[in-house]
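Secondary and tertiary structure notes
Now for the letters of each chain:
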Amino acid sequence: MKTKTLAAVVTSLALGASLTACSSQDQAAAEPNADGNITLNVGTIGIASDAAINTAIEKGYFADEGLEVKTTVVANPPAGIAAAQSGQLDLAYTPSIPLINAMSQSVDLKVVGPADGYDAAALKDEAPAKVDDTGLFVRPNSGISRAKDLEGRKVAVPARKAQLEVTIANMVSKDGGDPSKINWMVLDPASSLQSLQQSRVDAAGLVAPFSTNAGAEGMDLLGSPGLEFFGPGAVGLWVAGGEKVEQNPEAMAGFQRAIVKANAYANEHQEEMEKKAAKITGIDEQTISTGADNYWPSEVALDDLTHVDEQLVQLGYLPKGVDLDDSVIFSAN
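Residues numbered from 1 in each chain as written. Predicted model: local features only at pLDDT ≥ 70, side-chain atom pairs only at ≥ 80, totals over all residues. Heavy atoms only, no water.

As annotated in an unreviewed UniProt entry, the chain carries the name NADP-dependent malic enzyme and comes from Glutamicibacter creatinolyticus. One UniProt comment on the chain, placed under Subcellular location (unreviewed entry), says "Periplasm". Listed in UniProt under the heading Sequence similarities (unreviewed entry), the comment for the chain reads: "Belongs to the bacterial solute-binding protein SsuA/TauA family." (UniProt positions renumbered as here; feature names shortened; annotations may be inferred.)

Now the structure itself:
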């Protein structure tokens, strides 16, 4: 998953300690607009993988399904989830960690389509930085050679109990260490890199383009936490409130078909997507191209969610697992 974002957007990729969902409103089936198409309002967070949904709009994939899709950038995934659950948005982008967190609090959500993730071939890649835009960095000659060495050390992350903390904690745990012994420091990505260089922290969890910059400035990559945590499959998802899906199954089916078509196109046209990503994020094309490659999945499997749920429980971020079955994933069939 390649989330090329500005600092404010990177910070917004948080799990968050809690989610206050908007009160559910009575939701009626969407009515066609003047052109005969059904309008769907979709919340994005302004990341590079949005290139696929932009492609679906520009190439008329949604229009072919009788849809007019309008996108709005929201503050962060939990805000998008709350708006989707309440019906203020028809769909929203979220990684699976905030989704599972929301569902653990009984928020009624359905997964409508895949937004981004990792290719199965990514696990065999000899250069994980080309498939994972997250990285755990340390200084050269720091004496930290493995994740377990982070016990008792200061580790910078954008937010507590967020995606980078969770995935780094997973690395430490799998290496035989105790994540609870880490001194987590909340710093924005730019400050994290600067603090690492100046020895104010011992390690930093970074997302592109800051992970790309860290490598270019001589920091050592200790591991790729996102890839290790999620594995192959869908990570970013397009979700909708359960009531919205029930009221508009044909529109949701059309969205699903169109986004899967756009994802396939995006995977075959990486350079074109990089140009779109540069416009979406405001990051120069050179930085985009030297970072991790995007991957857009063709489907969301139940295991993509249960795998995350199980790990959140094992790591102590959830007291118990969420009751997940195939019904959480909307099917157009």
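Okay, the overall build of the chain next. Scanning the chain from terminus to terminus reveals 14 helices and 10 strands. At 19 Å, the chain has a C-alpha radius of gyration in line with the 20 Å of a compact globule built from 333 residues. Counting only C-alpha atoms and orienting by the principal axes, one finds that the chain spans roughly 65 × 45 × 30 Å. Going through the 333 residues of the chain one by one, you find that 56% of them count as buried. In the chain, 24 positive and 44 negative side-chain charges are present, and the distance between their average locations comes to 7 Å. (Helix = DSSP H or I, 4+ residues; strand = E, 2+ residues; numbered from the N terminus. Rg over C-alpha atoms; globule rule 2.2 N^0.38 Å. Buried < 20%, exposed > 50% of the residue type's maximum accessible area, 1.4 Å probe, protein only. Lys, Arg positive; Asp, Glu negative; His and termini not counted. Charge placed at Lys NZ, Arg CZ, Asp CG, Glu CD.)

Another point: helix H11 (residues 249–268). Since the α-helix packs 3.6 residues into each turn, any two residues three or four apart lie on the same face. Compared with an ideal rise of 1.5 Å per residue, which puts 20 residues at 28 Å, H11 spans 29 Å between its outermost C-alpha atoms and is within 8% of the ideal. Of all the residues in H11, the buried ones are Ala251, Met252, Ala253, Gly254, Phe255, Gln256, Ala258, Ile259, Ala262, Asn263, Tyr265 and Ala266. (Expected span 1.5 Å × (residues − 1).)

Evaluated as defined, the whole model comprises four aromatic pairs. Ring plane angle 20° and centroid distance 5.2 Å describe the contact between Phe62 and Phe255, whose orientation is recorded as stacked. Of the two residues, Phe62 sits in helix H3 (residues 61–64) while Phe255 sits in helix H11, which places them 193 residues apart along the sequence. Using a relative accessible area of 0% as the deciding quantity, one classes Phe255 as buried. Ring centres of Tyr93 and Trp238 lie 5.8 Å apart, and the angle between their planes is 75°; this geometry places the pair in the edge-to-face category. Linking Tyr93 in strand S3 (residues 91–95) with Trp238 in strand S10 (residues 233–241), this pair joins segments that are 145 residues apart in sequence. (Phe/Tyr/Trp six-rings, centres within 6.5 Å; stacked < 30°, edge-to-face > 60°.)

Our next topic: the environment of Asp108. Positionally, Asp108 belongs in the loop between helix H5 (96–104) and strand S4 (109–118). Taking the C-alpha atoms as reference points, Asp108 and Gly242, 134 residues apart in sequence, are found 5.3 Å from one another. Residue contacts for Asp108: discarding those within four places in its chain leaves Gln85, Ala240, Gly241, Gly242 and Glu243. (Contact = heavy atoms within 4.5 Å.)

Read across the open sheet, the five strands follow the order S7-S6-S8-S5-S9; overall the sheet is mixed. Looking at strand neighbours, the two that pair on one side only are strand S7 (183–186) and strand S9 (220–223), the edges of this open sheet. Within this sheet the neighbouring strands show an average axis-to-axis angle of 35°, counted without direction. Lying on the sheet, helix H7 (residues 189–197) is in contact with strand S5 (134–138), strand S6 (154–157) and strand S8 (203–207); it crosses S8 at an angle near 145°. (Pairing = 2+ DSSP bridges. Axes fitted to C-alpha atoms, helices over the stretch in contact; angles between N-to-C directions.)

Turning our eyes to something else, we now look at the sheet that holds strand S2 (residues 67–73). Sheet architecture is open: five strands sit in the order S2-S1-S3-S10-S4, paired in mixed fashion. With partners counted over all chains shown, the strands left at the sheet margins are S2 and S4, one partner each. Taken over all neighbouring pairs, the strand axes of this sheet differ in orientation by 30° on average, direction set aside. Across four bridges, S3 lies against S10 in antiparallel orientation. Paired with Thr94 across the bridge in S10 is Leu237.

Attention now goes to unusual backbone geometry. Its identity as a non-glycine residue notwithstanding, Asn141 has a phi of 60°, on the positive side. Relative to the assigned elements, Asn141 resides in the loop between S5 and S6. With a phi close to 65°, Ser199 is a non-glycine residue in the positive phi region. Mapped onto the elements of the fold, Ser199 is located in the loop between H7 and S8.

Positionally, Ala102 belongs in helix H5. The buried category is assigned to Ala102, whose relative accessible area is 0%. C-alpha of Ala102 to C-alpha of Pro78: the two residues are 24 residues apart in sequence and 7.8 Å apart in space.

A separate point is the domain arrangement of the chain. Looking at the assigned domains, one finds that the chain contains domain 1 (38–120 + 232–319) and domain 2 (123–228). For domain 1 and domain 2, the distance between their C-alpha centroids amounts to 25 Å. In this assembly, 17 residues from domain 1 lie in contact with 18 residues from domain 2. In terms of surface lost to domain 2, no three residues of domain 1 exceed Tyr118, Leu315 and Tyr317, which account for 38% of the buried area on that side. The closest approach of N and O atoms between Asp293 and Lys130, which form a salt bridge, is 3.5 Å. (Domains from an automatic or database assignment. Buried area = accessible area lost by both parts, 1.4 Å probe. Salt bridge = Lys/Arg side-chain N within 4 Å of Asp/Glu carboxyl O.)

Within the largest apolar cluster, 47 residues are counted, with the highest numbers of intra-cluster contacts made by Leu150 and Leu305. With six residues, the single largest contributor to this core is helix H6 (residues 163–174). Shared between two domains, this core takes at least three residues from each, and those domains are domain 1 (38–120 + 232–319) and domain 2 (123–228). What Leu150 contacts, discounting residues up to four positions off in sequence, is Leu136, Ile144, Val155, Ile168, Val172, Ile182, Ala203 and Leu222. Membership of the second largest hydrophobic core comes to 37 residues, among which are Val42, Ala56, Tyr93 and Ala253. (Core = buried A, V, L, I, M, F, W, Y, C linked by side-chain atoms within 4.5 Å.)

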